[in-house]
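Residue-level structural notes
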Amino acid sequence: MSAKDAPPPLPEPLLVEVADSHTHLDLQSGTVEEALVKAAAVGVTTVVQVGCDVKGSQWAAETAAAHEHVHAAVALHPNEAPRIVLGDPDGWSRQGAREGGGDTALDDALSEIDRLAALPYVRGVGETGLDFFRTGPEGIAAQERSFRAHIEIAKRHGKALVIHDREAHADVLRVLDEEGAPERTVFHCYSGDAAMAEICAAKGYYMSFAGNVTFKNAQHLRDALAVAPLDLVLVETDAPFLTPAPYRGRPNAPYLIPVTLRAMAEVRGIGENELAEAIAVNTARAFDY
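Residues numbered from 1 in each chain as written. Predicted model: local features only at pLDDT ≥ 70, side-chain atom pairs only at ≥ 80, totals over all residues. Heavy atoms only, no water.

1. Quick word on the overall build of the protein chain
In plain terms, the rule: A helix here means a DSSP run of H or I that spans at least four residues, while a strand means a run of E at least two residues long, and both kinds are numbered starting from the N terminus. The globule rule used here is 2.2 Å times the number of residues to the 0.38 power, and the radius of gyration it is set against is calculated over C-alpha atoms. Note on classification: 1.4 Å probe, protein chains only; a residue is buried when its accessible area is under 20% of the maximum for its type, exposed when over 50%, partly exposed between these limits. Two residues form a contact once any of their heavy atoms are found within 4.5 Å. To be clear on the numbers: accessible area is Shrake-Rupley with a 1.4 Å probe, and residue cover counts the displayed protein chains and nothing else. Under the convention used here, Asp and Glu are negative, Lys and Arg are positive, and both His and the chain ends fall outside the count. For the purpose of locating charges, the reference atoms are NZ of Lys, CZ of Arg, CG of Asp and CD of Glu.
Counting its secondary structure elements, the protein chain contains 10 helices and 10 strands. The C-alpha atoms of the protein chain give a radius of gyration of 18 Å, which matches the 19 Å a tight globule of 289 residues would have. Expressed along its principal axes, the backbone C-alpha trace of the protein chain runs to roughly 50 × 45 × 35 Å. Expressed as a percentage of the 289 residues in the protein chain, the buried residues total 54%. Contacts in the protein chain between residues at least 24 apart in sequence constitute 71% of all its contacts with a sequence separation of at least 6. Taken as a whole, the protein chain presents about 11800 Å² of accessible surface, with 54% of it coming from carbon and sulfur. The protein chain carries 25 positive and 42 negative side-chain charges, and their two centres are separated by 2 Å.

2. Focus: helix α1 (residues 32-41)
Note the threshold: An arc is given here, and it is the one of the directions from the helix axis to the C-beta atoms.
Every buried residue of α1 is listed here: Val32, Ala35 and Ala39. Along the axis of α1, the buried residues cluster in a sector spanning 65°; they form a single face. Of the surrounding elements, those touching the buried residues of α1 are β2 (44-50) and α2 (54-66). Looking one or two residues beyond α1, the residue adopting positive phi is Gly43, at roughly 95°.

3. Looking at the packing of helix α7 (residues 194-203) against helix α8 (residues 219-227)
Threshold: Each axis is a line fitted through C-alpha atoms, and for a helix only the stretch in contact is used; angles between axes span 0 to 180 degrees, taken between their N-to-C directions. Two helices cross in a left-handed way if the nearer one is turned anticlockwise from the farther one by less than a right angle. They cross in a right-handed way if the turn is clockwise. Any residue outside Ala, Val, Leu, Ile, Met, Phe, Trp, Tyr, Cys, Pro, Asp, Glu, Lys and Arg is labelled polar, Gly included; the first ten of those are nonpolar and the last four are charged.
Between α7 and α8, whose axes approach to 8 Å, the crossing angle comes to 35°. Pair α7 / α8 crosses with right-handed handedness. Each of Ala194, Ala197 and Glu198 in α7 lies in contact with α8, whose residues at this interface are His220, Asp223, Ala224 and Val227. Partitioned by chemical class, the residues of the contact of α7 with α8 number 4 nonpolar, 1 polar and 2 charged.

4. Comments concerning the sheet that holds strand β9 (residues 206-209)
To keep things clear, this is the line we draw: Here a strand pair is declared whenever DSSP counts at least two bridges between the two strands.
Spatial strand order, β1-β2-β3-β6-β7-β8-β9-β10: 8 strands in an open sheet with parallel pairing. In this open sheet, the two strands that pair with only one neighbour each are β1 (18-23) and β10 (233-235). On average, each strand axis in the sheet is inclined to that of its neighbour by 30°, with strand direction left out of account. For strand β6 (residues 122-131) and strand β7 (residues 160-166), the ladder comprises 6 bridges, and the chain directions are parallel. Looking at the pairing, Asp131 lines up with Arg166 of β7.

5. Observations concerning the nonpolar core
Rule in force here: We call a set of buried Ala, Val, Leu, Ile, Met, Phe, Trp, Tyr and Cys residues a nonpolar core when their side-chain atoms join them within 4.5 Å.
Of all hydrophobic cores here, the largest spans 70 residues; its most connected members are Phe147, Leu176, Phe187, Tyr190, Phe209 and Met264. Leave out the neighbours within four places in its chain, and Phe187 touches Ile163, Asp165, Val172, Leu173, Leu176, Met196, Cys200, Tyr205, Tyr206, Met207 and Ser208. Ranked by size, the runner-up nonpolar core spans 11 residues in total, among them Val50, Ala160, Tyr206 and Ala286.

6. Overview of the packing of aromatic side chains
As a reminder, the rule being used: Pairing of aromatic rings covers Phe, Tyr and Trp, the last through its six-membered ring, and needs centres within 6.5 Å; plane angles under 30 degrees mean stacked, over 60 mean edge-to-face, and all others mean tilted. Criterion for a charge above a ring: Lys NZ or Arg CZ within 6 Å of the ring centre, and within 35 degrees of the ring normal.
Enumeration according to the criterion identifies 2 aromatic pairs in this entry. A ring pair is formed by Tyr190 and Phe209, whose centres lie 5.5 Å apart and whose planes are at 50°; its orientation type is tilted. Residue Tyr190 is found in the loop between β8 (185-187) and α7, and its partner Phe209 is found in strand β9; the two are separated by 19 residues along the sequence. Each member of the pair, Tyr190 as well as Phe209, is classed as buried. Here the guanidinium or amino end of Arg166 rests over the ring plane of Phe133, the centre of that ring lying 3.6 Å away. We note Arg248 situated over the ring of Phe215; from NZ or CZ to the ring centre the distance is 3.7 Å.

Shown next, in the form of structure tokens:
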């Protein structure tokens, strides 16, 4: 194993237990049990396992049912919706190459997400939203239709809405306004600037910060974190992606939350225990556990 692929070392444990508000255990190496034990050893005692397609959402729900400290969020990722409707000839997603199934196939997939969203250990509907980075203009209609359907599902089941917003800030905010956002809405891997953070704060949206808040080129994220109300701030890994500095490029996992949290406390100018206490309360409130 090259140094680049080696898991980073265990950080110093947090003294206040926190939750990883967004992780993908199914994409990480090792077992769920191993990941949870490692995370708990450094004070990360709860994780929200997030689905990105039908199979992943079913797995998230099953995993949450089997583990007391795992909560599930279920959804079709914004990039998944156009693949269902238009097809995925390159097989970019985990399902391999697929034919397009049109709107009927999207409706079928959404009805399965709706079924899963009713389960008690499913605490969120997401990650859903818009992604104009990977999907071209031909996929926007499918993304937006899927996003609106997820908002409706989240509201009907009283679950948190978990948003994936990539290069689509204005449109995500517009759709939320048009549909009426659920009571608890979380911007996962918050990617906006300070001005957008003010808008989210005014609307009561949670902002979840990932390891990229530590990247050199991410001053806009630190500026956003600096103005976000403390009671709306969450922390996440989005593991195995977005590993915080100084381990950028190596595999991420829930046990690395302390690295990101400490960097966040520095940006806020508060102690890590104070930030951890706020985040623990906020995550439980956001996901209603």
